[in-house]
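Reading the structure
Residues per chain are reported as follows:
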Amino acid sequence: MNFLRGVMGGQPTGPQPSGAETIQKLCDRVASSTLLEDRRDAVRALKALSKKYRSEVASQAMSHLIHILQTDSSDSEIIGYALDTLYNIFSNDEEEEQDENGQKQADDLGCQFTEIFIKEQENVTLLLSLLEEFDFHVRWPGVKLLTALLKNQCSQVQAVILVSPMGVSRLMDLLADSREVIRNDGLLLLQHLTKCNAAIQKIVAFENAFERLLDIITEEGNSDGGIVVEDCLLLLLNLLKNNSSNQNFFKEGSYIQRMKPWFEVGDENSGWSAQKVTNLHLMLQLVRVMVSPVNPPGATSSCQKSMYHCGLLQQLCTILMATGVPADILTETINTVSEVIRGSQVNQDYFASVNAPSNPPRPAIVVLLMSMVNERQPFVLRCAVLYCFQCFLYKNQKGQGEIVATLLPSTIDANSISAGQLLCGGLFSTDSVSNWCAAVALAHALQDNLTQKEQLLRVQLATSLGNPPVSLLQQCTNILSQGSKVQTRVGLLMLLCTWINNCPIAVTHFLHNQANIPFLTGQISENLEEDEQLVQGLCALLLGICIYYNDNSLENYTKEKLKQLIEKRIGKENFVEKLGSICKHELYSRAAQKPQPVFSSPEQMLFDHEFTKLVKELEAVLTKTVHKSSEEEKKEEEVKKTLEQHDSIVTQYKELIREQDTQINELKTQVSSMKNQNEQLQASLTQQLSQLQQHKDQYNVLKLKLGKDSQQHNAHGEGAQVNGVQSEELSRLWEELEELKKQHGVLQSQLAEKDSLIEKMKSEGAHAVEGTAGSSENNSELQKELETLRAQVQSQSAEISQLQAERQELLNKAETLAMVSAPGNTDSSAAAAKITELEKRLSEVTGETEKIKEEGKIWSDSKAALEQQVATANSSVAILQNEKSKLQQEVAESKKEQDDLLMLLADQDQKIKSLKDKLKELGEPIEEDDDLDTRDQYDDEDDEDDD
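Report on the accompanying structure. Numbering of residues begins from 1 in every chain and follows the order in which that chain's sequence is written. The predicted nature of this model means local features are confined to residues of pLDDT at least 70 and side-chain atom pairs, given and counted, to a pLDDT of 80 or more, with totals for whole chains, interfaces and linings taken over all residues. Excluding hydrogens and water, the side-chain values take into account all heavy atoms of the structure.

Some remarks on the overall build of the protein chain
Helices and strands together make up the secondary structure of the protein chain, namely 40 helices and 4 strands. The rule is simple: take the accessible area with a 1.4 Å probe, protein chains only, and divide by the maximum for that residue type; under 20% is buried, over 50% is exposed, in between is partly exposed. Each of the 947 residues in the protein chain was classed as buried or not, and the buried ones make up 44%. In what follows, residue pairs with any heavy atoms lying within 4.5 Å of each other are defined as contacts. Put simply, of all contacts in the protein chain between residues at least 6 apart along the chain, 74% involve residues at least 24 apart. Note on areas: Shrake-Rupley with a 1.4 Å probe; residue coverage comes only from the protein chains shown. Working note: accessible area of the protein chain is about 48,300 Å², and carbon and sulfur atoms make up 50% of it. Going along the chain from the N terminus, every DSSP run of H or I of four or more residues is numbered as a helix, and every run of E of two or more is numbered as a strand.

Structure follows, in structure tokens:
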């Protein structure tokens, strides 16, 4: 063990072996020793040598150390030594006081050794399994070792962990460790693990990472916490940035509400430590990640609503208006508020209502604009204020109107400072940055808002004493022609291009000044320095807009005359070249990337993001406009008019079809209601049939009873006599029976009249059906229903006739009873009882007859209603037939007009083709997309009309 004593600090007894020899002996000891203590001592010695002899230990001992991890996992001490040794091999953090080249070599060594280690994926899986060991001497070195591997070969280690069973879950358990050092190093491990890997980010998020991290931040004191809070925030940024799935999960989990306490900064005198500034800066970045303009619009809008409803926006505005806030935190807060309100009408309205705590209170927008036009403020802060103003006006026509209104003469208040006054002051100040910022801010107040562009033409500015006021448009062109700084002229040109774009009235006002067009043509045609070429390109853009949106109201500056002016003084090719130079500028592409104005220095502040969109939209259109001849424009206008006429015709047909659809729906509703009525009538008929059946049964029972009574009279009362009273009762019964006969005769005549009425209705319905057989399927259904009803009525008439016959039979029997009753019969009491019973039964027959009369009246009403429904259906059919004939006539006329249009278009296509052939012969480039698109569109519309 002498070599161990030498290594561990004992006195040398002879010539000392070299480091490589010692390491070789230690490796042999690790490989060959059977005693655990000997192996443990050897690994401890290798750990001591691993920092000084990093390469030697890595090349000779790595395989032995891995073997120790595999075989001696039961001894936590030797496992800890092995993990520490491997960490010293892979880690680059311990290299101190090295120059740049030495540090680079150390980094390369760490990457090489890491690559060797992870070539066998089982090694990484082995490390993950060791992390399940709760022993501090195993878990902590394991966390550090895995972190070092991720630092050196991040993507490769991520791939291995991703396919390892429960790999990410084991690492997430580190956040729940009660030992802070392991938990904190676990945070660092997860930071490296989640870099640029969306799959791992999603797994970590669904392992309840948000809940655990927010709990740690709360426990550590939110923004007042230490480095642990910073690590948690960095991990949250990794999980949320550019990951829409995790952002949605964060929002749906109501974690946005838990961000509000972060920004309760408390008393302004509580101090701002460097760590607190760092923490708050990261917290603001987290808010911005959730509402970034690059996120899907729907997700951003949802997060903005949540931030308003939970009070987070209000808390941010409190920091914005607070005093004593560090400049960098204030700048980042302004940028955060900007993106929280961008495109959200509710949030923009709230921000407009925020006032600064001053006396008297001023709107927050005014206070921020005062900082923007103040050249003594930091440049980064001024850019942030400009971004905030742009976001406030983004898709906010209400806010645009309020800003422009502060410039109008009727709303100017001399006792207070308004946003419009500050913008005008910045626009015409001596500071070029203020000029540019004010011009861009004012351009955003006009973006996509034709009304405010026209309103701004009313703004008048007072100049020197004794001189009349000039318009804001005129003053801008005056400053432009005075040859100020390039930054100022670029800002003014961007403002003018945005102002007159898509606004013919503004173009007319601009052209009304006789000096503007000569100035623009002079600027474009000159050979200026490289710095001035951007100004030339913007002048060309402004002139092109004047041509494209010219309504030819000024005789001297019509479209054709301006094109001739370009051809004579500038040249079409030179004009197009100057126009295309804007997009080729190096700062143009940088500004087009994102809405936030970020410039490393004031000199680079030239392009605005929204203006780059306008240039991209107009460049090709203006180039095509300049190259067109007057004849081509006339032809295009004629084609446009023709297409507009065709569109109007199509629109008329569409409206007509909509009206017809409405009428058809109404008729369908009427038919359905009539069907319902028919069903109700059928139900009532069924009910009446059942009642008639009951009456029939009752009459049958009465018939049987009367038959039995007559038989009894014949057997027992042949010699019976009736006294004078009984004769009078019989005569009265005879009279009642005669009256019943008359009533039955009247009822039978009424039934005959109703039968004839039904026949008449049937013949009329048949006539109506024959006349409109092609378009009245519903009427045929009604006719069938009427046939059914008539059959039912006929069956009821037959039943009534049968009942009448039965009544006649009853009368005959009553006469027989009267005839057989003779005076002088001794059994007068029995005869009187029989007559009383007969009278009672006849009264019952009279009641049943009255019921039949009432049922006849019900049938009469039902038939009248059916007759009215048939008349209504016939009138509806006639109306539909008339409308159908009118539609067929209009469709025929439309087809004739379309055929004429097709003939005209065919002639035009033939002429265009011949002209293109001539242009091809002359070697001119030809674009055929527009013509093909126009013809395809026309053909599609024609097909729709045919359908």
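The discussion continues.
Quick look at the nonpolar core
Here is a general trend for soluble globular proteins: nonpolar side chains tend to be buried in one another's company. Side-chain atoms within 4.5 Å link the members of a nonpolar core, which is a set of buried Ala, Val, Leu, Ile, Met, Phe, Trp, Tyr and Cys residues. Membership of the largest hydrophobic core comes to 205 residues, with the highest contact counts inside it found for F90, L146, L171, W262, F263, F351 and L541. When residues of this core are assigned to their parent elements, the largest contribution, 12 residues, is made by helix α22 (residues 379-393). Every residue in contact with F263, bar those within four places of it in the chain, is listed here: L280, M283, L284, V287, L312, Q315, L316 and I319.

Observations concerning the packing of aromatic side chains
Each aromatic ring pair is summarised here by two numbers: the centre-to-centre distance and the angle between the ring planes. Aromatic rings from Phe, Tyr and Trp, taking only the six-membered ring of Trp, are treated as a pair when their centres fall within 6.5 Å; an angle between ring planes under 30 degrees marks them as stacked, one over 60 as edge-to-face, and anything in between as tilted. Enumeration according to the criterion identifies 12 aromatic pairs in this entry. Considering the side-chain rings of F210 and F249, the 5.9 Å spacing of their centres and the 35 degrees angle between planes classify their relative orientation as tilted. Placement of F210 in helix α13 (residues 209-219) and of F249 in helix α15 (residues 244-252) is noted, with a sequence separation of 39 residues between them. The exposure class assigned to F249 is partly exposed, which follows from its relative accessible area of 26%. An angle of 85 degrees between the planes, with centres 5.9 Å apart, marks the rings of W436 and F599 as edge-to-face. Taken together, the residues W436 in helix α25 (residues 432-446) and F599 in the loop between α34 (586-591) and α35 (609-627) connect sequence positions 163 residues apart. W436 gets classed as buried once you look at its relative accessible area, which sits at 1%. Residue classification places F599 among the buried positions, given a relative accessible area of 14%.

Some points on the packing of helix α8 (residues 136-152) against helix α11 (residues 180-193)
Geometry of a packed helix pair, given as the angle between the helix axes and the separation of the axes. Interaxial distance between α8 and α11 falls to 9 Å at its minimum, and their mutual angle equals 20 degrees. As summarised for this structure, α8 and α11 are arranged roughly parallel, according to the angle between their axes. Crossing of α8 against α11: the hand is left-handed. Residues F136, R139, W140, V143, K144, L146, T147, L150 and K151 of α8 form the contact with α11, whose own contacting residues are V181, I182, D185, G186, L189, H192 and L193. Residues are grouped as follows: nonpolar covers Ala, Val, Leu, Ile, Met, Phe, Trp, Tyr, Cys and Pro; charged covers Asp, Glu, Lys and Arg; every other residue, Gly included, is treated as polar. For the contact of α8 with α11, the per-class residue count stands at 9 nonpolar, 3 polar and 4 charged. Interaxial angles span 0 to 180 degrees and are taken between N-to-C directions of axes, which are lines fitted to C-alpha atoms, for helices over the stretch in contact. In this scheme, roughly parallel covers angles under 35 degrees and roughly antiparallel covers those over 145, while 65 to 115 is roughly perpendicular and the rest are oblique. Working rule for handedness: look at the near helix, and if it is turned counterclockwise from the far one by less than a right angle, call the crossing left-handed; if clockwise, right-handed.

Looking at a negative patch on the surface
Patch membership requires over 30% relative accessible area and the absence of a salt bridge. Like charges are linked within 9 Å, and nonpolar side chains (Val, Leu, Ile, Met, Phe, Trp, Tyr) within 5 Å. When a carboxyl oxygen of Asp or Glu lies within 4 Å of a side-chain nitrogen of Lys or Arg, that pair is called a salt bridge. Note on charges: Lys and Arg go in the positive column, Asp and Glu in the negative column, and His and the chain ends are not counted at all. Think of each charge as sitting on NZ of Lys, CZ of Arg, CG of Asp or CD of Glu. Taken together, the side chains of E529, E530, D531 and E586 define an acidic patch exposed on the protein surface. Summarising the element assignment, E529 is placed in the loop between α30 (516-525) and α31 (533-548).

Focus on α15
Within the span of α15, buried status applies to N246, Q247, F250 and K251. The arc enclosing the buried residues of α15, seen along the axis, measures out at 135 degrees, which places them on a common side. Packed against the buried residues of α15 are α12 (198-206), α13, α14 (227-240), α16 (274-290) and α17 (297-309). Backbone geometry just after α15 places S254 at a positive phi near 60 degrees. Directions are taken from the helix axis to each C-beta atom, and the arc is the one they span.

Some words on the pattern of salt bridges
Enumeration according to the criterion identifies 20 salt bridges in this entry. Notably, a salt bridge pairs K613 with E610, separated by 3.7 Å at the nearest N-O pair. In this pair, K613 and E610 both sit in helix α35, 3 residues apart, roughly one turn of the helix. Residue class for E610 comes out buried when judged on its relative accessible area of 11%. Residues joined in a network through salt bridges with shared partners are R40, D41, R44, D75 and E77.

Re the environment of A506
Tracing the backbone shows A506 in helix α29 (residues 504-512). The spatial distance from the C-alpha of A506 to the C-alpha of L450 is 9.8 Å, given a sequence separation of 56 residues. Residues contacting A506, with those up to four places away along its chain left out, are L457, L473, W499 and I500.

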